[in-house]
Amino acid sequence: MHGKIELDTSMAEQFVRQHELEYIEPRVKLAHELLQANAGPGSDFAGWVHWPQQYDREELARIKELSSQIRDTADAFVVLGIGGSYLGARSTLELLSHTFHNKLSREERNNAPEIYFAGNNISPVYLSHLLDIIKDKDIVINVISKSGTTLETALAFRIFRQLMEKRYGKKEAGRRIIATTDREKGVLKALSLRDGYETLTVPADVGGRYSVLTAVGLLPIAVGGVDIDELMAGAAAGYHFYSKNTFPGNPCYLYAAFRNIFYLKGKLIELMAAYEPSFYYFIEWWKQLFGESEGKDNKGIFPAGLNFTTDLHSMGQYVQDGYRNIFTTTLWAASPAVDLDIPVIGDDEGSDGLGYLAGKTFHYVNEKACEGTMLAHAGGMVPGLKVVLPEISPFYHGMMVYFFERACAISGYLMGVNPFDQPGVEEYKKNVFKLLGKKS
């Protein structure tokens, strides 16, 4: 029997009056109706809303078959993509896989290849070092781009395409390159048809930052050994739980509402914090999701990330006692993937001063650190929300992805922006291409 992800508002309620929740309720319900009916701004890119129920089962079967072939063929699997084309997959693998996946033996990785990510920057150093790592390995490439013209990814692909063709020959290279791209058009689609690449589809009505539960994210995730059936089952459960037009009973909508109430009170920065380092790339995914969705029309909450307790020793002073334009959202797993007992040493009267913790667990100490930090922040006038997962697993990860995607859409509508476009992103691209001498 599965539970669900809940929202703990106990460290935020002193900052929000009951009537404020009552005032925002009609707007939340309107936002729900627009989203559910695909009738709001940006609805052409809202295909993810019903995706957990309506995804392409045949393509999922192809993804599983391809991932099995890759696991049998490749020593190293290289994913080329940027933004939503890589953050979803990387965040899932970082959260659900061994922290040091690539350092384990093949047997310890359950036959998964080493997995690397490229095409997410223009650093010659990064790319050169990666090429050093994989020079003696059999490789398979997954290049992910709807258009095929995204500069960072296209540049990296040019390097890897040349490498693959030199190493394997053009025909075999074509069998070792998988392109996840538009179904019908674009540079990458044309290359795939010409050179015989296997292709998977970026759905036309799903924007990159919402695409982790499509082939964009699912192929790398499956290659890494994560159970994608469980992932999609969790997303479907999330759809069931968080698509209900109930307020404040829907924790997803309550999160969106609290964020907007804080925003109107001058809380312009949301600090997403987690107490497990494996959440690092999930927070990076969340930052893109909310930053690219809400940051427009001179509006938006700035999404930032912290890794606690590590950052309590660097940023903790500012959070506790700096400018009061922030609130925090803590990601918390009630049950850790692994726990460790704190050892009893001798009579534990001890020289290290930690005898009072002997026999307890690291998770227990982490939990008290979380509770103490949130109490301190609330006392320092920093509201705190807490998103609580029952455990870290593929099922609850799928649910968490859907929770935040849906909350982001509702929050954007409450803020009065289109949460599915990104017009500002195109401006810097025009300037870069012009400076590089690209002909229009």
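Residues numbered from 1 in each chain as written. Predicted model: local features only at pLDDT ≥ 70, side-chain atom pairs only at ≥ 80, totals over all residues. Heavy atoms only, no water.

**Things to note about the overall build of the protein chain**
1) Next: Each helix and strand in the protein chain was counted, giving 16 helices and 10 strands.
2) Next: Taken along the three principal axes of its C-alpha coordinates, the protein chain extends 65 × 65 × 45 Å.
3) Next: Of the contacts made within the protein chain by residues no fewer than 6 positions apart, 79% connect residues no fewer than 24 positions apart.
4) Next: Of the roughly 20,300 Å² of accessible surface on the protein chain, a fraction of 54% belongs to carbon and sulfur atoms.
5) Next: Counting 45 positive and 53 negative side-chain charges, the protein chain places the centres of these two groups 9 Å from one another. (Helix = DSSP H or I, 4+ residues; strand = E, 2+ residues; numbered from the N terminus. Contact = heavy atoms within 4.5 Å. Areas by Shrake-Rupley, 256 points an atom, 1.4 Å probe, with all protein chains shown as cover. Lys, Arg positive; Asp, Glu negative; His and termini not counted. Charge placed at Lys NZ, Arg CZ, Asp CG, Glu CD.)

**Some remarks on the packing of aromatic side chains**
1) Next: Considering all chains together, one arrives at 23 aromatic pairs under this definition.
2) Next: Aromatic side chains Y275 and W332 sit 5.9 Å apart centroid to centroid with 75° between the ring planes, which places their arrangement in the edge-to-face category. On the criterion of sequence distance, the pair formed by Y275 in the loop between β7 (269-274) and α12 (280-294) and W332 in strand β9 (residues 326-335) is long-range, its members being 57 residues apart.
3) Next: The buried category is assigned to Y275, whose relative accessible area is 5%.
4) Next: Ring centres of W286 and F290 lie 5.6 Å apart, and the angle between their planes is 45°; on these two criteria the pair is classed as tilted. Of the two residues, W286 and F290 both sit in helix α12, 4 residues apart, roughly one turn of that helix.
5) Next: Owing to a relative accessible area of 0%, F290 belongs among the buried residues under this scheme.
6) Next: Through a chain of ring-to-ring contacts, the aromatic side chains of F241, Y242, Y255, F282, W285, W286, F290, F403 and F404 assemble into a single cluster.
7) Next: Lying across the ring of F433, K438 places its NZ or CZ 4.3 Å from the centre. (Phe/Tyr/Trp six-rings, centres within 6.5 Å; stacked < 30°, edge-to-face > 60°. Buried < 20%, exposed > 50% of the residue type's maximum accessible area, 1.4 Å probe, protein only. Lys NZ or Arg CZ within 6 Å of the ring centre and 35° of its normal.)

**So, the sheet that holds strand β1 (residues 6-11)**
1) Next: Sheet architecture is open: 5 strands sit in the order β1-β10-β9-β7-β8, paired in mixed fashion. In this open sheet, the two edge strands, each paired with only one partner strand, are β1 and β8 (302-307). Strand-to-strand, the axes of this sheet are offset by a mean angle of 25°, without reference to chain direction.
2) Next: Relative to the sheet, helix α14 (residues 362-379) contacts β1, β9 and β10 (384-391), its axis offset from that of β9 by approximately 160°. (Pairing = 2+ DSSP bridges. Axes fitted to C-alpha atoms, helices over the stretch in contact; angles between N-to-C directions.)

**What about the pattern of salt bridges?**
1) Next: Taken as a whole, this structure holds 20 salt bridges when the rule is applied.
2) Next: Between D75 and R106 there is a salt bridge whose closest N-O contact spans 3.9 Å. Of this pair, D75 sits in the loop between α3 (57-73) and β2 (76-80) while R106 sits in the loop between α4 (87-96) and β3 (114-118), and the two are 31 residues apart along the sequence.
3) Next: Since its relative accessible area comes to 32%, D75 is described here as partly exposed. (Salt bridge = Lys/Arg side-chain N within 4 Å of Asp/Glu carboxyl O.)

**A short note on the pairing of β10**
1) Next: Here β1 runs beside β10; their pairing, made up of 4 bridges, is antiparallel. Paired with D8 across the strands is K386, a residue of β10.
2) Next: Sheet analysis places β9 next to β10, joined by 7 bridges and oriented parallel. Opposite S335, over in β10, you have E391 as the bridge partner.

**Examining the sheet that holds strand β6 (residues 198-201)**
Strands pair in a sheet through their backbones, by hydrogen bonds, and they do so in one of two ways: parallel or antiparallel.
1) Next: Spatially, 5 strands are ordered β3-β2-β4-β5-β6 in an open sheet, and the strand pairing comes out parallel. One side of each edge strand has no neighbouring strand; the edge strands of this open sheet are β3 and β6. Averaged over neighbouring strand pairs, the angle between their axes works out to 20° when direction is ignored.
2) Next: Relative to β3, β2 runs parallel, the two sharing 5 bridges. Bridge pairing links F77 to I115 in β3.
3) Next: On the sheet, α3 packs against β2, β4 (139-144), β5 (177-181) and β6 and is oriented at approximately 140° with respect to β6.
4) Next: Packed on one face of the sheet, helix α5 (residues 124-134) meets β2, β3 and β4 and runs near 160° to β3.

**What to know about unusual backbone geometry**
1) Next: Here the amide bond leading from F247 into P248 is cis, since omega sits at 10°, within 30 degrees of zero.
2) Next: Residue F308 is joined to T309 through a cis peptide bond whose omega torsion reads 5°.
3) Next: Relative to the elements of secondary structure, T309 occurs in the loop between β8 and α13 (316-321).
4) Next: Positive phi values are uncommon outside glycine, yet N298 reaches one of about 60°.
5) Next: With respect to the helices, strands and loops of the structure, N298 is situated in the loop between α12 and β8.

**Focus on helix α9 (residues 215-223)**
1) Next: Judged by how many residues are buried, α9 sits mostly within the fold: 9 of 9 residues are covered.
2) Next: Within α9 the residues assigned to the buried category are A215, V216, G217, L218, L219, P220, I221, A222 and V223.
3) Next: Taken from the residues just after α9, G225 is the one with a positive phi, measuring 95°.

**Regarding the nonpolar core**
1) Next: Of all hydrophobic cores here, the largest spans 112 residues; its most connected members are W48, L219, Y255, W285, L331, M400 and F404.
2) Next: For this core, the element with the most residues is helix α15 (residues 394-415), which contributes 15 residues.
3) Next: Excluding residues that lie within four positions of it along the chain, L219 makes contacts with I63, L66, S67, I70, F77, N142, I178 and L200.
4) Next: A156, A173, I177 and L191 belong to the second largest nonpolar core, which has 22 residues in total. (Core = buried A, V, L, I, M, F, W, Y, C linked by side-chain atoms within 4.5 Å.)

**Digging into the pairing of β8**
1) Next: One ladder, built from 6 bridges, connects β7 with β8; its direction is parallel. When the sheet's bridge partners are listed, A274 is paired in β8 with N307.
2) Next: In this view, the connection linking β7 to its parallel neighbour β8 by way of α12 has right-handed handedness. (Right-handed = clockwise from strand over helix to strand, strands pointing away.)

**Notes on α3**
Three- or four-residue spacings in an α-helix give side chains the same orientation, since the helix completes a turn every 3.6 residues.
1) Next: Over its 17 residues, α3 extends 24 Å from the first C-alpha to the last, a length consistent with the 24 Å expected when each residue adds 1.5 Å.
2) Next: For α3, the full list of buried residues reads E59, L60, I63, L66, S67, I70 and R71. For α3, the buried positions fall inside an angular range of 135° around the axis, keeping them on one side. With respect to the buried face of α3, the exposed residues turned more than 90 degrees away are E58 and D72.
3) Next: Elements in contact with the buried residues of α3: β2, β4, β5, β6, α9 and α10 (228-242).
4) Next: Of the residues that open α3, the one with a side-chain oxygen 2.9 Å from the backbone nitrogen of E58 is D56. (Expected span 1.5 Å × (residues − 1). Arc of directions from axis to C-beta. Polar contact = N/O pair within 3.5 Å; in protein donor to acceptor, adjacent residues only side chain to side chain.)

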